[in-house]
Amino acid sequence: MGLRTFIQGWPVYRQLTGTDPLGRGAAAQSARSAALTARTETADSVARSVCPYCAVGCGQRVFVTDGRVTQIEGDPDSPISRGRLCPKGSASKSLVTSPLRQTTVRYRRPYATEWEDLDLETAVDMIADRILAAREETWEDVDDAGRPLNRTLGISSLGGATLDNEENYLIKKLFTAMGALQIENQARI
Amino acid sequence: MAEAHPVGFQWVMEAKRRGAKVFHVDPRFTRTSAVADTYLPIRAGTDIALLGGVVRYILENELDFREYVLAYTNAAAVVSEQFLDTEDLDGLFSGYNTDTNSYDQASWQYEGQERNSGGEDTGKERDSAAGLEHESHGVPTSGRIRRDETLQHPRCVYQILRRHFSRYTPEMVERVCGIPQERFLELARAWTENSGRERTGALVYSVGWTQHSVGVQYIRTGAIIQTLLGNMGRPGGGILALRGHASIQGSTDIPTLFNLLPGYLPMPHHADHETFDDWVGSISRPGQKGFWGNSRAFAASLLKAYWGDAATPDNDFCYGYLPRMTGDHGTYQQVLKMIDGGIKGYFLLGQNPAVGSAHGKAQRLGMANLDWLVVRDLFLIESATFWKNSPEVATGEIVPQECRTEVFFLPAASHVEKEGTFTQTQRLLQWREKAVDAPGDARSELWFFYHLGRKLRERLADSPHPRDRALLDLTWDYPTHGDLAEPSAEAVLREINGYETASGRPLSAFTEARDDGSTAIGCWIYTGVYADGVNQAARRKSRHEQDWVAAEWGWAWPANRRTLYNRASADPQGRPWSERKRYVWWDPEKAEWTGYDVPDFEKNKPPTYRPPEDASGPDGIAGDDPFIMQSDGKAWLYAPSGVLDGPLPTHYEPAESPMRNPMYGQQANPARKVYENPVNPMNPSPPEAHSDVFPYVFTVSRLTEHHTAGGMSRTVRPLAELQPEMFVEVSPELAAEAGLAHLGWAHLVTGRSVIEAKVLVTDRLTPLRVDGRIIHQLWLPYHFGTEGLVTGDSANDLFGITLDPNVLIQESKVGTCDVRSGRRPTGPALLDLVADYRRRAGMTVDRRIPLVTTDAVGCDDAAGSTDQRSPEAAAGEKRGEDA
Ligand code: SF4
């Protein structure tokens, strides 16, 4: 490497003479960083999504390689967020890929001190059994004056507000049809 | 806003760059205050006093936008002579019933309409949170309303408003809120100067307003100001609720709430809504004006979407299948019932009440007394592990070997592992594409509920019971795809949008809804989101390729309107109020409404249209009445009905306050919802004795780096690292008074529990001089719990349960406490400490909280206790009477 090349390779020289006076782009690049490719460039697919935290509704682009989320960035097209994400939105990739996420069903028997494993299908069947039993035991057809009640007060539900509209629609529809009235949401809180 | 909605805050900074003045009112100096022009520290729970001061400033100086007010509001309407104001009754309105602690609204009506309120007590509406039904519309009125266009009639709304707010003087604002008069006047001046024909001002609030025992009235006060100043329905104006969760607006529109059905249709009440006609009739009366007049079609179409072919006009569309309310079935009432053993099974769907709801201990004790609990979440949150790892396990109140609750934890799919829409805070629906498959057993709620429903229906297929018909007749035939048989979210969205039952054609607008069974609509306010069979919520036209309204990004309800009531952006003749603030206007040549947004008005109804005498529905709304969901087409400065705790907002002290109300003898909201339950003792407030046992005010809010109950942030490494520890912020003065050391430990005590936190001594909090004394406030984040990467005590454990009467939302933004240096005791000693405080504060089992604290109605629940109002306060009252 000649002296000239050495000097020209200096970031501060490039910053002073080049097109990047603030030293935030090309001037700060090393040979290594110049050779890197962004994960976003090599992604197999990009899904257009929305941040799951607060109600601002910032646009997200979810980059996927080999069936795994490799990066989540702000969507520059969004008129709401103009490509920005706050610390929470920026951490969404860590959220969805968190090693702490539970990926199997856990079951705690009455009076038990530890969790057990349970098959998903069995769990849904057991829950269905319990719903039918609770309805059976607590069903109210009519009030004292003979007016319809059509309900069970033996079942409650409290939903979060990160559920999709389509999900809430099915939740309310199914619970209403089974006569479960005590259905609530974060929106009450 | 910079802390909790950071990316939304970029628009405030944008406005500031263009010359807007930013005022930040908050008990604590935050990142928002740091960049605001003026920061006003306020005593938590006194916003109505501050805003009421602004209303008075506007009225006394006649700074209202008079043309707008006259034409578009009910300022000129004349109110019944039976009406008595808080000025007459020491903080109560006429109609207060001391037996039920609720109001009969008959005397609040417009003159000649006294019978319109139904003449009933509103305790029932309180229990069913009926106020929520009005999210999309006002309550019915009927008949002709007497108006005085000169606004001089002593009983016209304008004059009533003047009298009601006359005591909200700058001096009073200072005495109640702790905001110096000059600072208050600076705010009032800037707000009024930036409103009117040429300018508009915006108001932004968050749950700092809703989580109060007078939460709805906070927002009402904001609405009164914005209406007086002509800021509603105009660009750059309005009131923006910054809601806290990705689709919390959606969760109200398509509610999972006990008292609502989709599109704000009420859940039927057993006594009032026995038949379909009773039910529909209660939503809109015969001859009802405005768009809500079509409610029969919306109601029939919903039932048609639920029960398909089984729902016919002859069987009232299976109306009989709907379960009925008999009172309060809200989440807090449920929790108290769980503690008493009255509930068998509980579903928690992406929700963590052990940390996120008020009175965490009650939440956990309730969960520990169920037959079974289903938790669906991404992580093992506190509400799933309460039986092995909770403060009550530490104190011995929950013993795992004795806790019978059977717990199912089912892992959930994340937002990138399923498709569907969120409705964000501006009513905008945005469709998310699926990026990857969910791991392992993780499933969407769509999958879980679809298959749960399928299984239930299979098991009941041969049931002889009539009660099972509603499940068996349910339309539940959603197409599924993939190995896991995931139901199609688009198919559900199409049903939400609505379709013609004969052809299956998706509807384009809710005006197509019919009451004869020919349309099925899952949520009428969302009709149009699937217009022409196209998923309009998936539209992503870049902001660079469209104008600033960005109408082709997502889809906003109703009808893709971005600003509600935007007819008000034009004058009564349909011309823009000003060129600068042009938004929607009447084009006389084309004879239609036009502009940048979808006009919130019938497209071809001219400004000159006057309804015929007997017109109802939309036809009953004149061409210059912009508030088309209201039955009179007007914005309501004064609410003759619909708000259960008064036609006008009034400053009441929070349910727990160290102060006597400086404004009225009535201390706190007399209609608030209280639960007298041994598990829920409220700290005493004046005029009750012993409030000095809990001398400090505390408030809670969010950190930028955490999210609500922490289930989606304390579990995420970068966020956990950024905010690793529970802490409490105190002023240097309070630190000195209570002997707290920076970075040391402190514990906070209320009548419910004790929590500990690291101490952060900071100037961000400042002692306030209020009504002649110093009030110290403490601030805490409420995100911490016992699970996740970072843990700490839960601030919500400190709160008791007292609710706003309109919507049954809890007061969890303000309470009273004591603070002591050092760590809290552990084990049974912790319970002893709380018991000791309760004893000292007189919180015995037989104590009754005095709801009425004035003898103006001949019933002072607090009679005999010491009135702790300062001499100043008493003098102020005298002045008020003289005015
Ligand atoms: S990125 Fe931040 S501001 Fe934007 S929606 Fe997510 S949490 Fe809210």
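Everything quoted here is computed from the prediction, not taken from an experiment. (Residues numbered from 1 in each chain as written. Chains lettered and ligands numbered in written order. Predicted model: local features only at pLDDT ≥ 70, side-chain atom pairs only at ≥ 80, totals over all residues. Heavy atoms only, no water.)

Chemist: Mind laying out the sheet that holds strand β12 (residues 420-423) of chain B, listing which residues take part and the relevant values?
Modeler: Read across the sheet, three strands follow the order β12-β13-β18 (chain B) without closing on themselves; strand pairing throughout is antiparallel. With partners counted over all chains shown, the strands left at the sheet margins are β12 and β18 (555-556) of chain B, one partner each. Where strand β13 (residues 428-432) of chain B lies against β18(B), two bridges are found, and the strand directions are antiparallel. Residue pairing for β18(B): Leu429(B) is matched across the bridge by Trp555(B). Across the face of the sheet, helix α8 (residues 165-177) of chain A comes into contact with β12 and β13 of chain B while running at roughly 95° to β12(B). (Pairing = 2+ DSSP bridges. Helix = DSSP H or I, 4+ residues; strand = E, 2+ residues; numbered from the N terminus. Contact = heavy atoms within 4.5 Å. Axes fitted to C-alpha atoms, helices over the stretch in contact; angles between N-to-C directions.)

Chemist: I'd like a description of the packing of aromatic side chains, backed by residues and values.
Modeler: As enumerated under the stated definition, the model contains 45 aromatic pairs over all chains in all. Ring geometry for Phe175(A) against Phe347(B): centres 5.3 Å apart, planes inclined by 70°, an arrangement best described as edge-to-face. Of the two residues, Phe175(A) is situated in helix α8 and Phe347(B) in strand β9 (residues 345-349); the pairing between them involves two chains. The interplanar angle of 45° and the centroid separation of 6.4 Å between the aromatic rings of Phe347(B) and Phe449(B) together place this pair among those described as tilted. Separated by 102 residues along the polypeptide, Phe347(B) in strand β9 and Phe449(B) in helix α19 (residues 445-460) bring together distant segments of the chain. You'll find Phe347(B) and Phe449(B) in the same group, each marked buried. Linked through ring pairs, Phe83(B), Phe93(B), Tyr96(B), Tyr103(B), Trp108(B) and Tyr638(B) together constitute an aromatic cluster. (Phe/Tyr/Trp six-rings, centres within 6.5 Å; stacked < 30°, edge-to-face > 60°. Buried < 20%, exposed > 50% of the residue type's maximum accessible area, 1.4 Å probe, protein only.)

Chemist: Summarise the site of the ligand; cite the residues concerned and give the values.
Modeler: Surrounding the ligand, one finds Cys51(A), Tyr53(A), Cys54(A), Gly57(A), Cys58(A), Leu85(A), Cys86(A), Lys88(A), Gly89(A), Pro6(B) and Val7(B). Chains contributing residues to the immediate surroundings of the ligand are chains A and B. (Near = heavy atom within 4 Å.)

Chemist: An account of the environment of Ala180(A) is needed here, citing residue identities and associated values.
Modeler: All names here are of chain A. Relative to the elements of secondary structure, Ala-180 occurs in strand β8 (residues 180-185). With a relative accessible area of 1%, Ala-180 lands in the buried category. C-alpha of Ala-180 to C-alpha of Val-96: the two residues are 84 residues apart in sequence and 32 Å apart in space. When residues no more than four places from it in sequence are discounted, the contact partners of Ala-180 are Thr-152, Ile-155 and Phe-175.

Chemist: A description of helix α13 (residues 295-307) of chain B should follow, citing residues and the corresponding values.
Modeler: All names here are of chain B. Between its first and last C-alpha, α13 extends 18 Å over 13 residues, near the 18 Å set by a 1.5 Å rise per residue. α13 sits mainly inside the fold: 12 of its 13 residues count as buried. Residues of α13 that are buried include every one of Ser-295, Ala-297, Phe-298, Ala-299, Ala-300, Ser-301, Leu-302, Leu-303, Lys-304, Ala-305, Tyr-306 and Trp-307, and no others. (Expected span 1.5 Å × (residues − 1).)

Chemist: Requested: an account of the nonpolar core, with residues and values cited.
Modeler: Ranked by internal contacts, the top residues of the largest apolar core, which has 176 residues, are Trp279(B), Trp307(B), Phe347(B), Phe408(B), Leu452(B), Leu778(B) and Leu780(B). Among all residues touching Trp307(B), those that are not within four sequence positions of it are Ala177(A), Phe317(B), Cys318(B), Tyr321(B), Leu322(B), Ala470(B), Asp473(B), Leu474(B) and Thr475(B). Grouped together as the second largest cluster of nonpolar side chains are 63 residues, Val54(B), Leu59(B), Leu151(B) and Tyr664(B) included. (Core = buried A, V, L, I, M, F, W, Y, C linked by side-chain atoms within 4.5 Å.)

Chemist: How would you summarise the interface of chain A and chain B if you had to cite specific residues and measurements?
Modeler: The extent of an interface is frequently quoted as the accessible surface area lost upon association of the parts. Taken together, the contact pairs 116 residues of chain A with 162 residues of chain B. Here chain A meets chain B over a buried area of about 12500 Å², counting both sides, of which 63% is carbon and sulfur. The three residues of chain A that bury the most area against chain B are Tyr169(A), Arg188(A) and Ile189(A), which together make up 7% of that side's buried surface. The tally of links from chain A across to chain B stands at 14 salt bridges. Salt-bridge contacts for Asp125(A) lead to Lys455(B); the nearest nitrogen and oxygen are separated by 3.0 Å. The interface formed by chain A and chain B includes 83 residue pairs in polar contact (both at pLDDT 80 or more). (Buried area = accessible area lost by both parts, 1.4 Å probe. Salt bridge = Lys/Arg side-chain N within 4 Å of Asp/Glu carboxyl O. Polar contact = N/O pair within 3.5 Å; in protein donor to acceptor, adjacent residues only side chain to side chain.)

Chemist: Provide a residue-level description of a nonpolar patch on the surface, including the pertinent values.
Modeler: All names here are of chain A. Residues Leu-3, Phe-6, Ile-7, Trp-10, Val-12, Tyr-13 and Leu-16 make up a contiguous nonpolar surface patch of about 730 Å² in total accessible area. Elements represented by at least two residues in the nonpolar patch include exactly α1 (3-9) and α2 (11-17). On the secondary structure map, Val-12 appears in helix α2. Given the relative accessible area of 42%, Val-12 is considered partly exposed. (Patch = residues over 30% accessible without salt bridge, like charges linked within 9 Å, V, L, I, M, F, W, Y side chains within 5 Å. Areas by Shrake-Rupley, 256 points an atom, 1.4 Å probe, with all protein chains shown as cover.)

Chemist: Just give me the short version of the environment of Glu87(B), but keep the residues and values in it.
Modeler: Residues and elements named next belong to chain B. Structurally, Glu-87 is set in the loop between α4 (66-72) and β3 (96-97). Here the alpha-carbon distance between Glu-87 and Met-663, two residues 576 residues apart in the chain, equals 10.0 Å. For Glu-87, the side chain forms a polar contact with the side chain of Arg-167, separated by 2.8 Å.

Chemist: How would you sum up the pattern of salt bridges? Please name residues and give values.
Modeler: Taken as a whole and judged by the stated rule, the model has 72 salt bridges over all chains. With a closest N to O distance of 3.1 Å, Lys418(B) and Glu167(A) form a salt bridge. One end of the pair, Lys418(B), is in the loop between β11 (406-411) and β12; the other, Glu167(A), is in helix α8, on a second chain. Glu167(A) matches Lys418(B) in its accessibility class, with the two residues each being buried. Across the pair Glu592(B) and Lys603(B) runs a salt bridge, and its minimum N-O distance is 3.9 Å. Taken together, the residues Glu592(B) in strand β20 (residues 592-595) and Lys603(B) in the loop between β20 and β21 (673-674) connect sequence positions 11 residues apart. Exposure remark for Lys603(B): the relative accessible area of 45% places this residue in the partly exposed category. Members of the salt-bridge network, linked through shared partners, are Glu121(A), Asp125(A), Asp129(A), Lys455(B) and Arg459(B).

Chemist: Describe the pairing of strand β23 (residues 727-730) of chain B, listing the residues and the values that go with them.
Modeler: All names here are of chain B. Here β23 shows two buried faces, one formed by Phe-727 and Glu-729 and the other by Val-728 and Val-730. As defined by bridge partners, β23 adjoins strand β25 (residues 754-761) across four bridges and the pair is classed as parallel. Bridged to Val-728 within β25 is Val-759.

Chemist: Which residues make up the domain arrangement of chain A, and what values go with them?
Modeler: Taken domain by domain, chain A consists of domain 1 (3-35), domain 2 (45-96) and domain 3 (106-188). The C-alpha centroid of domain 2 of chain A is placed 31 Å from the C-alpha centroid of domain 1 of chain A. (Domains from an automatic or database assignment.)

Chemist: Describe the side chain of Ser657(B), with residues and values.
Modeler: Topologically, Ser657(B) is positioned in the loop between β20 and β21. Each residue touching Ser657(B), except ones within four places of it in the same chain, is listed here: Arg43(B), Gln667(B), Pro684(B), Ser685(B), Pro686(B), Ser691(B) and Thr816(B).

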